[in-house]
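Single-letter residue listing:
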Amino acid sequence: MQGAGTALHELLVSAQRRGCLTAGVYESAKLMNVDPDNVAFCVLAADQEDEGDIALQIHFTLIQAFCCENDIDIVRVNDVAKLAVIVGPSEDSGEPRDLHCILITNPNEEGWKDPALEKLNLFCEESRNVNDWVPTITLPE
């Protein structure tokens, strides 16, 4: 699907603005454990050097299994630096965040529909139809 990277960029910006973005492997795991029904979308990100991090890969496997079991769409991104530019540092501390896992949660607003989220849900559904269960998205420059 053309524009999946752009849709992901738009979703991340929108979710951040609405306070619906959780960043970090441990923070995401805690949220999924406490309130899995509120998770709308998952992004796993790793650079080339992260591919050899066995602990991170185990976390990714567990998160992927959880997302599949709970019907949460999930994608991979191979550029943590681009994600950092989009999402920015932690609003609380100003420190760089762990962006290896990002969850988008449903806001408390009823009837909230994000067109970018709908595009990404369709992209994930189309990918599953060709047995690509965790498709990789390239973010725009």
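As the structure is a computational prediction, the values presented were derived from the model and not from experiment.

(A) Structural context of the packing of helix α2 (residues 25–34) against helix α3 (residues 54–69). Where α2 meets α3, the axes come as close as 11 Å, and the angle between the chain directions of the two elements is 25°. As the angle between them shows, α2 and α3 are arranged roughly parallel. In this structure, α2 meets α3 at a crossing whose hand is left-handed. Contacts between α2 and α3 pair Val-25, Tyr-26 and Met-32 from the former with Leu-56, His-59, Ile-63, Phe-66 and Cys-67 from the latter. Taken together, the residues of the contact of α2 with α3 break down into 7 nonpolar, 1 polar and no charged.

(B) Highlighting the pairing of strand β2 (residues 39–45). By the criterion of burial, β2 is predominantly enclosed, with 7 of the 7 residues buried. Across 5 bridges, β2 lies against strand β4 (residues 101–105) in antiparallel orientation. Opposite Cys-42, over in β4, you have Leu-103 as the bridge partner. Looking at chain direction, β2 and strand β3 (residues 73–77) are connected through 5 bridges and run parallel. Of the residues in β3, the one forming a bridge with Phe-41 is Asp-73. Running through α3, the crossover from β2 to the neighbouring parallel element β3 is right-handed.

(C) Structural detail: the nonpolar core. Counting 29 residues, the largest nonpolar core has Leu-8, Phe-41 and Ile-102 as the members making the most contacts within it. When residues of this core are traced back to their parent elements, those giving at least two are α1 (4–18), β1 (21–23), β2, β3, α4 (80–87), β4 and α5 (115–129). A total of 6 residues in this core trace back to one element, the largest contributor, which is α1. Val-39, Leu-44, Ala-46 and Val-134 belong to the second largest nonpolar core, which has 15 residues in total.

The rules behind each value
- Residues numbered from 1 in each chain as written.
- Predicted model: local features only at pLDDT ≥ 70, side-chain atom pairs only at ≥ 80, totals over all residues.
- Heavy atoms only, no water.
- Axes fitted to C-alpha atoms, helices over the stretch in contact; angles between N-to-C directions.
- Helix = DSSP H or I, 4+ residues; strand = E, 2+ residues; numbered from the N terminus.
- Parallel < 35°, antiparallel > 145°, perpendicular 65-115°, else oblique.
- Left-handed = near helix turned anticlockwise from the far one by under 90°.
- Contact = heavy atoms within 4.5 Å.
- Nonpolar A, V, L, I, M, F, W, Y, C, P; charged D, E, K, R; others polar.
- Buried < 20%, exposed > 50% of the residue type's maximum accessible area, 1.4 Å probe, protein only.
- Pairing = 2+ DSSP bridges.
- Right-handed = clockwise from strand over helix to strand, strands pointing away.
- Core = buried A, V, L, I, M, F, W, Y, C linked by side-chain atoms within 4.5 Å.

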